[in-house]
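Chain by chain, the residues run as shown.
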Amino acid sequence: MTSPYPLGLRLAGRRVVVVGGGAVATRRVPALLDAGADVLLVAPELTPALRAHADAGRLHWAPRRFAPDDLDGAWLVQVAVDDPTAAASVSAAAAERRIFCVRADDRAAATAWTPAVTRHGPVTVAVLGGGDPRRAMSVRDAVRDLLTARIEPAPAGTATGAAAGRVALVGAGPGDPELITVKGWRLLTAADVVVADRLVPGLLLDELRADVELVDASKIPYGPARAQEEINRILVDRALAGKFVVRLKGGDPYVFGRGGEELLACAAAGVPVTVVPGVTSSIAAPAVAGIPVTHRAVAHEFTVVSGHVAPDSPASLVRWEHLAGLRGTLVILMGLKNLAEITATLIAHGRPGQTPAAVVQEATTGAQRVLRSTLASVAADVAGAGLRPPAVVVVGDVVPVLSPASGHLPGLVS
């Protein structure tokens, strides 16, 4: 086989077709979106993570089987199906149109290969292993260790990827793939199985070894969801089978992440668990929006609450009337759906309507948006601006404290 010609594709604004809506596509699509590609995803069904991209308008989804004219105007096609006959039909259509085609099912039949990739700031390293994905991953990982210049010993049983039945609950951070901790990334690269939530940075999944089993445990609000009991079962079953399992969770495993339930399930089955804290969006989202959750002479406290249950619901565990009386910063996660009820309740119990408020959507990512308002107006302003989850709401006098320095103005979405 001749050597491939290495090339970096500039895909911003250019059509890329992905055929298939399963685990392989889930791993490959985030890198294409990060490159700015105009992605057309052709598949009868999608994983919850891919459906979230489609619902957010980040890609175009054709909910059907592939047709040759799907490639009209495309610059690249990625075939992410395991049906050789279907994959071959896409390859043939691509060849007729002289479009490079990546095939997950048969590298020898592909006209382009996806390299093993690592990113370090502005540096992207792509490794081709002569058709051997394991070799490419090994070299890629060695290069990343050199770039990070922080090498720690791997836990027992994971140095070679042959884990002895254990689980790691790893916080992936708020969205930027570089905000995962060094320890979290190291365990991720050693995993045999990765069970990932919807909010984990997609580019982290793009860097997994080719032989890693990726389980999409996405929980899209008001859509398809895998029951927590099923997630617990997967963690335990894979670990008892001798696998090293990484449960990759957005933010921090214990901040509204149900990590405690997963740890208890593993402990009951005798499975050892390592917990790796993550950067939580409750602090990171305000920070990247120029809002400190505490500030000298302004706020000596901050409180983080979940707003997924309405204040008047019998299921609510939050004492909103008490929170209204606090002088510090209030950070609300998962609160957009009930934001009007939450703000009305806070005002009704004494929090002034003119209290500064802000909402940060998809913090630390390229889709980040920031809206600044007041407690009385923020719900209407969010609806008018079309902000959507995931988003973090911040209420308190800290919201405008850095505004003169950052140039942020109330009422504007940035």
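### Quick notes on the overall build of the protein chain
For the protein chain, the helix and strand inventory stands at 13 helices and 17 strands. The C-alpha radius of gyration of the protein chain comes to 23 Å, within 12% of the 22 Å expected for a compact globule of 414 residues. The C-alpha extent of the protein chain, read off along each of the three principal axes, is 75 × 50 × 40 Å. Relative to its full complement of 414 residues, the protein chain shows a buried share of 48%. When the accessible surface of the protein chain is totalled, it reaches about 19,300 Å², and 57% of it is carbon and sulfur. Charged side chains in the protein chain number 40 positive and 38 negative. The centres of these two groups are separated by 3 Å.

### Considerations on the sheet that holds strand 4 (residues 74–79)
Strand order in the open sheet made by the five strands is 3-2-1-4-5, with parallel pairing throughout. Because the sheet does not close on itself, it has two edges, and the strands there are strand 3 (60–62) and strand 5 (100–103). Neighbour to neighbour, the strand axes of the sheet diverge by 20° on average, direction disregarded. As judged from the five bridges shared by strand 1 (residues 15–19) and strand 4, these two strands associate in the parallel manner. The partner of Val-17 across the bridge, within strand 4, is Val-77.

### Describing helix 12 (residues 378–385)
When helix 12 is considered as a whole, its buried residues turn out to be Val-378, Ala-379 and Val-382. The buried residues of helix 12 occupy an angular sector of 105° when the element is viewed end-on, so they sit on one face. With respect to the buried face of helix 12, the exposed residues turned more than 90 degrees away are Ala-380, Ala-383 and Gly-384. Positive phi shows up at Gly-386, right after helix 12, with a value of about 70°.

### Details of the environment of Thr-47
Note that Thr-47 resides in the loop between strand 2 (38–42) and helix 2 (48–55). Beyond its immediate sequence surroundings of up to four residues, Thr-47 is in contact with Gly-21, Gly-22, Ala-23, Thr-26 and Asp-216. A polar contact is formed between the side chain of Thr-47 and the side chain of Asp-216, at a distance of 3.2 Å.

### Some points on the environment of Thr-114
Mapping Thr-114 onto the fold places it in the loop between strand 5 and strand 6 (116–120). Thr-114 sits 285 residues away from Val-399 along the chain, and the two C-alpha atoms are 44 Å apart. Those residues in contact with Thr-114 that sit more than four places away from it in its chain are Arg-28, Gln-78, Val-102 and Arg-107.

### Considering the side chain of Arg-209
Locating Arg-209 in the fold gives a position in the loop between helix 6 (202–206) and strand 10 (213–216). Reaching out from Arg-209, the side chain makes a polar contact with the backbone oxygen of Ala-191 at a distance of 3.0 Å. Engagement of the side chain of Arg-209 in a polar contact is seen with the side chain of Asp-211, the distance being 3.1 Å. Aside from chain neighbours lying at most four places away, what touches Arg-209 is Arg-27, Met-137, Thr-189, Ala-190, Ala-191 and Asp-192.

### Observations concerning the side chain of Thr-280
Topologically, Thr-280 is positioned in the loop between strand 12 (273–276) and helix 9 (281–288). Of note is the side chain of Thr-280, whose polar atom sits 2.9 Å from the side chain of Ser-282. Contact partners of Thr-280, with chain neighbours within four places excluded, come to Gly-251, Asp-252 and Val-255.

### Topic: helix 2
A large share of helix 2 lies buried, amounting to six of its eight residues. Buried within helix 2 we find Pro-48, Ala-49, Leu-50, Ala-52, His-53 and Ala-54. In this structure, the buried side of helix 2 is in contact with helix 1 (23–34), strand 2, strand 3 and strand 10. Taken from the residues just after helix 2, Gly-57 is the one with a positive phi, measuring 80°.

### A word on the sheet that holds strand 10
Pairing is parallel across the open sheet formed by five strands, whose spatial order is 10-9-11-8-12. What marks the edges here is a single partner per strand, and that holds for strand 10 and strand 12. Strand-to-strand twist of the sheet, defined as the mean angle between neighbouring strand axes without regard to direction, takes the value 15°. The pairing of strand 9 (residues 193–196) with strand 11 (residues 244–249) spans four bridges and is parallel. Its bridge partner lying in strand 11, Val-194 is registered against Val-246. On top of the sheet, helix 8 (residues 259–268) reaches strand 8 (166–171), strand 11 and strand 12; it is set at about 175° to strand 8, its chief contact.

Quick notes on the rules
- Residues numbered from 1 in each chain as written.
- Predicted model: local features only at pLDDT ≥ 70, side-chain atom pairs only at ≥ 80, totals over all residues.
- Heavy atoms only, no water.
- Helix = DSSP H or I, 4+ residues; strand = E, 2+ residues; numbered from the N terminus.
- Rg over C-alpha atoms; globule rule 2.2 N^0.38 Å.
- Buried < 20%, exposed > 50% of the residue type's maximum accessible area, 1.4 Å probe, protein only.
- Areas by Shrake-Rupley, 256 points an atom, 1.4 Å probe, with all protein chains shown as cover.
- Lys, Arg positive; Asp, Glu negative; His and termini not counted.
- Charge placed at Lys NZ, Arg CZ, Asp CG, Glu CD.
- Pairing = 2+ DSSP bridges.
- Axes fitted to C-alpha atoms, helices over the stretch in contact; angles between N-to-C directions.
- Arc of directions from axis to C-beta.
- Contact = heavy atoms within 4.5 Å.
- Polar contact = N/O pair within 3.5 Å; in protein donor to acceptor, adjacent residues only side chain to side chain.

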